[in-house]
2 protein chains.
Amino acid sequence: MVTIYDIAQMANVSAMTVSKVINNTGRISEETRRKVKKVMEELNYIPNSNARSLVLQQTQILSLLITDITNPFYTSLARGAEDGAKQYGYRLLFGNSDEDYAKEKDYVDMILSTRVDGVLFAPAGDLSLKNLEKLRAHNIPFVIMDRAVPGIESDMICGDSKEGARKLVDYLIGLGHRRIALVNGSLDVSTARLRYEGYAEALALQGIPLDETLIIHQNYRDYHADDHLEQLLEQPSPPTAIFAANNVLAVGVIRDLRERGIRVPEDISVVCFDDLDLSSALDPFLTVAAQPAYQFGAMGIQLLVERIRGSSVPESRKVILPSELVIRSSAKPI
Amino acid sequence: MVTIYDIAQMANVSAMTVSKVINNTGRISEETRRKVKKVMEELNYIPNSNARSLVLQQTQILSLLITDITNPFYTSLARGAEDGAKQYGYRLLFGNSDEDYAKEKDYVDMILSTRVDGVLFAPAGDLSLKNLEKLRAHNIPFVIMDRAVPGIESDMICGDSKEGARKLVDYLIGLGHRRIALVNGSLDVSTARLRYEGYAEALALQGIPLDETLIIHQNYRDYHADDHLEQLLEQPSPPTAIFAANNVLAVGVIRDLRERGIRVPEDISVVCFDDLDLSSALDPFLTVAAQPAYQFGAMGIQLLVERIRGSSVPESRKVILPSELVIRSSAKPI
DNA sequence: TTGTATGCGTTATCAT
DNA sequence: ATGATAACGCATACAA
């Protein structure tokens, strides 16, 4: 590896002079600057950012931690984050927790030892508290995305889960549905709780009683119908519509319904949170509350960088990104 | 930040002793080992990997560079890479070139300055040659994924584009189609050339003449029908089937067809390379040559790590991963 | 305008 | 079994 000393030697200057032309700092004569640059070219010199990080006490690395790389929502978010990081001149260290607290912890340790300048954190759920506290204890700035974590105050950028859920359920009610099932994520995830609340409120507003037998809680990323769906469908008065708390669950539900010969939306309506991108482009079928996933990532980076650079940034800022009801054809009047 | 010196002081030992217990190297008495570990716990010590990288001359970081984070093929590949990296104890630096050589170059520079131990490289196309040569010149190991780059010898893991294309077109011919269009990627991408060849061979084998007016070349990730599709459909003898060279193109084609009121597969059949994951789960519609995307990433990491660690690895190894014809309903007999 | 000394946090080498 | 010293590649403070 060629170092500044190598090029210093070849250019007949000191290493410091080289460092200065690299960083455009201090006063250097045009002549030596050119001379040094020429040698750098010839030797294919590339600065060692590890050494740089060590002395500068900053890495120019940001970490992105998401919970499901398979979910188009997070994929789009990652794209926004990636674009943002590039724009601000940061490198992106990538992690995927698979909605798993243990994996998340491993990544936090990795993040810490890497001394990243900040992290864009999509928590697996409420138990992410410990992991976030660890980051906080080590003074590394972060912005939380998508899901709030009780007990942690920080910059945050979330969707409006409650409102989105309400819109979705309102829409179903408007279609004449009264027996509306909820296939939800785990209740230790804030969005699942909020979507549940939105669901409940929408029902209450129309005087429709909440029926717990119509509610299933699952993990957001592993949909297994198992007996759950069975139990849902085989009750005396089965649902005429299903609200799936995210896209992955919706796909699982619809697949399982079809396997049982139940048609969507003819036999049962289905709506969900988050869009499907390519899938929706192929076949505009699923009616959804679409969130601006790309914005989550892009704005997340922006907040994070402002926090890192910014002495001016006051207390923690919360951004709520609205979701949009996109009506397609997976739900129909009863 | 707490360093080994801090904990050395608190534990009344030298920094070296601390280093040794951290790395389990050298001989340390059980007693001091316990004492040191205890202090590390108390002080929440986290090793600084930058300092470590500097002296060890290796970072334990791998870089993953893909061309389209929006494409499920690369998303799944990334997932495989991420799992693999974790398994082997590497961190993953993530990059997305957007099929853009300039962005790719930027990432290569970033990769170089990061001194990553190796890179998993999905080239944008033939002009990636320069970027790969740069990596090579700096002695950083890489394995090329998905697309070959003429002029570069290296470990590589590709799909069987020619064979997959042949299967797809054969299938269409078997359905009675004779006028089969090809919506292809750019010809400076090896897979596009190979898919073209497979297409041509399948036709030739059945004595069907190749008609250049049935062939469109596009960028793999930006499908714009524009006049292309127009021109395809408005000729005297329009195609009865379309072979799209990848999933993104297929989605674009189908969307545009539908906008014109042309039904798939009733009016025209469509097949393509690469599956759509979630979309296919929702609606098993598109007939495809599916590639084991996850394997690309997982095996890629494996080859890469073997190359990095392995003195035993001989010349460059090529892995060809087969694709599977998945027949669904986007193509039907003429 | 340019160079010298020092330190960033860690590990390897070699003593003790 | 443990410790002192140097080195990794770079940048800051200060001198010249």
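How each quantity is defined
Residues numbered from 1 in each chain as written. Chains lettered and ligands numbered in written order. Predicted model: local features only at pLDDT ≥ 70, side-chain atom pairs only at ≥ 80, totals over all residues. Heavy atoms only, no water. Helix = DSSP H or I, 4+ residues; strand = E, 2+ residues; numbered from the N terminus. Rg over C-alpha atoms; globule rule 2.2 N^0.38 Å. Buried < 20%, exposed > 50% of the residue type's maximum accessible area, 1.4 Å probe, protein only. Contact = heavy atoms within 4.5 Å. Areas by Shrake-Rupley, 256 points an atom, 1.4 Å probe, with all protein chains shown as cover. Lys, Arg positive; Asp, Glu negative; His and termini not counted. Charge placed at Lys NZ, Arg CZ, Asp CG, Glu CD. Least-squares fit on C-alpha atoms with pLDDT ≥ 70 in both. Near = heavy atom within 4 Å. Polar contact = N/O pair within 3.5 Å; in protein donor to acceptor, adjacent residues only side chain to side chain. Nonpolar A, V, L, I, M, F, W, Y, C, P; charged D, E, K, R; others polar. Buried area = accessible area lost by both parts, 1.4 Å probe. Salt bridge = Lys/Arg side-chain N within 4 Å of Asp/Glu carboxyl O. Axes fitted to C-alpha atoms, helices over the stretch in contact; angles between N-to-C directions. Parallel < 35°, antiparallel > 145°, perpendicular 65-115°, else oblique. UniProt positions renumbered as here; feature names shortened; annotations may be inferred.

Describing the overall build of chain A
- The helix and strand tally for chain A stands at 13 helices and twelve strands.
- The C-alpha atoms of chain A give 25 Å as radius of gyration, which overshoots the globular expectation for 334 residues (20 Å, by more than 25%).
- Principal axes of the C-alpha set define a box for chain A whose edges measure 90 × 40 × 30 Å.
- Per-residue burial for chain A yields a buried fraction of 57% across its 334 residues.
- Partitioning the intrachain contacts of chain A with sequence separation of at least 6 by distance along the chain shows that 71% fall at a separation of at least 24.
- Summed over its atoms, the accessible surface of chain A is roughly 13,600 Å², and 52% of this surface lies on carbon and sulfur atoms.
- Of the charged side chains in chain A, 36 are positive and 44 negative; the average position of the first set lies 9 Å away from that of the second.

Topic: the relation of the copies chain A and chain B
- Its rotation angle being 180 degrees, the transformation that places chain A on chain B also includes 0.0 Å of axial translation and leaves an RMSD of 0.0 Å. Put plainly, the chains are arranged around a two-fold axis.
- Residue by residue, 100% of the interface of chain A is reproduced at the interface of chain B, so both copies engage with the same surface.

Points about the protein's contact with DNA strand D
- Surrounding DNA strand D, one finds 25 residues, the nearest of these being Met16 and Tyr45 of chain A together with Thr17, Lys20 and Arg27 of chain B.
- Expressed as a percentage, the sugar and phosphate content of the atoms of DNA strand D within 4 Å of the protein is 64%.
- Gln57 of chain B places a side-chain nitrogen or oxygen 3.5 Å from a phosphate oxygen of DNA strand D.
- Looking at the surface near DNA strand D, the elements with two or more residues in it are helix 1 (4–11), helix 2 (15–23) and helix 4 (49–56) of chain A together with helix 2 (15–23) and helix 4 (49–56) of chain B.
- Split by residue class, the surface near DNA strand D holds 13 nonpolar, nine polar and three charged.

Brief notes about the side chain of Ser330 of chain A
All names here are of chain A.
- Mapped onto the secondary structure, Ser330 falls in the segment after strand 12 (324–326).
- Ser330 sits in the buried class, given a relative accessible area of 0%.
- At a separation of 2.8 Å, a polar atom in the side chain of Ser330 contacts the main-chain amide nitrogen of Thr287.
- When near neighbours in sequence (up to four residues on either side) are disregarded, Ser330 contacts Val264, Pro265, Ile268, Ser269, Val270, Phe285, Leu286 and Thr287.

Considering the interface of chain A and chain B
- The interface is formed by 48 residues belonging to chain A together with 49 residues belonging to chain B.
- Taking both partners together, chain A and chain B bury about 4,900 Å²; carbon and sulfur atoms supply 60% of that area.
- The largest share of the area that chain A buries against chain B comes from Arg115, Leu278 and Leu282 of chain A, three residues that together contribute 15% of it.
- Counting across the interface, chain A meets chain B through four salt bridges.
- There are 25 residue pairs in polar contact (both at pLDDT 80 or more) connecting chain A and chain B.
- Breaking the side of chain A that touches chain B down by element, the ones donating at least two residues are helix 4, helix 5 (72–88), strand 2 (91–96), helix 6 (101–114), helix 11 (247–259) and helix 12 (278–282) of chain A.

Structural notes on the packing of helix 6 of chain A against helix 7 (residues 129–137) of chain A
Residue and element names in this part refer to chain A.
- Helix 7 packs onto helix 6 with a crossing angle of 10 degrees between their chain directions and a minimal axis gap of 9 Å. Taken together, helix 6 and helix 7 sit at an angle that is classed as roughly parallel. Taken together, the residues of helix 7 that come into contact with helix 6 (itself represented by Tyr101, Glu104, Lys105, Val108, Asp109, Ile111 and Leu112) are Asn131, Lys134 and Leu135.
- Split into classes, the residues belonging to the contact of helix 6 with helix 7 amount to five nonpolar, one polar and four charged.

Observations concerning unusual backbone geometry
- Cis geometry is found at the peptide bond from Val264 of chain A to Pro265 of chain A, where omega equals 5 degrees.
- Mapped onto the elements of the fold, Pro265 of chain A is located in the loop between helix 11 and strand 9 (269–273).

Focus on the UniProt feature "domain: HTH lacI-type" (unreviewed entry) in chain A
- Feature annotation in UniProt places "domain: HTH lacI-type" (unreviewed entry) on residues 2–56 of chain A, given in this structure's numbering.
- Secondary structure across residues 2–56 of chain A divides into 69% helix and 0% strand, with the first and last C-alpha atoms of the span separated by 20 Å.

Focus: the protein's contact with DNA strand C
- Close to DNA strand C lie 25 residues, the nearest being Thr17 and Arg27 of chain A together with Met16, Ser19 and Tyr45 of chain B.
- Sugar and phosphate atoms represent 59% of those atoms of DNA strand C found within 4 Å of the protein.
- In this structure, a phosphate oxygen belonging to DNA strand C sits 2.8 Å away from a main-chain N or O atom of Ser14 of chain A.
- Contact between DNA strand C and Ser19 of chain B: a phosphate oxygen at 2.7 Å from a side-chain N or O atom of the residue.
- Elements with a contribution of two residues or more to the surface near DNA strand C: helix 2 and helix 4 of chain A together with helix 1 (4–11), helix 2 and helix 4 of chain B.

As for the packing of helix 2 of chain B against helix 3 (residues 30–43) of chain B
Residue and element names in this part refer to chain B.
- It is the contact of helix 2 with helix 3, at a shortest axis distance of 10 Å, that shows an interaxial angle of 90 degrees. Classified by the angle their axes make, helix 2 and helix 3 are roughly perpendicular. Along its contact with helix 2, which presents Val18, Val21 and Ile22, the element helix 3 presents Arg33, Val36, Lys37 and Met40.
- When the residues that make up the contact of helix 2 with helix 3 are grouped by side-chain class, the tally is five nonpolar, no polar and two charged.

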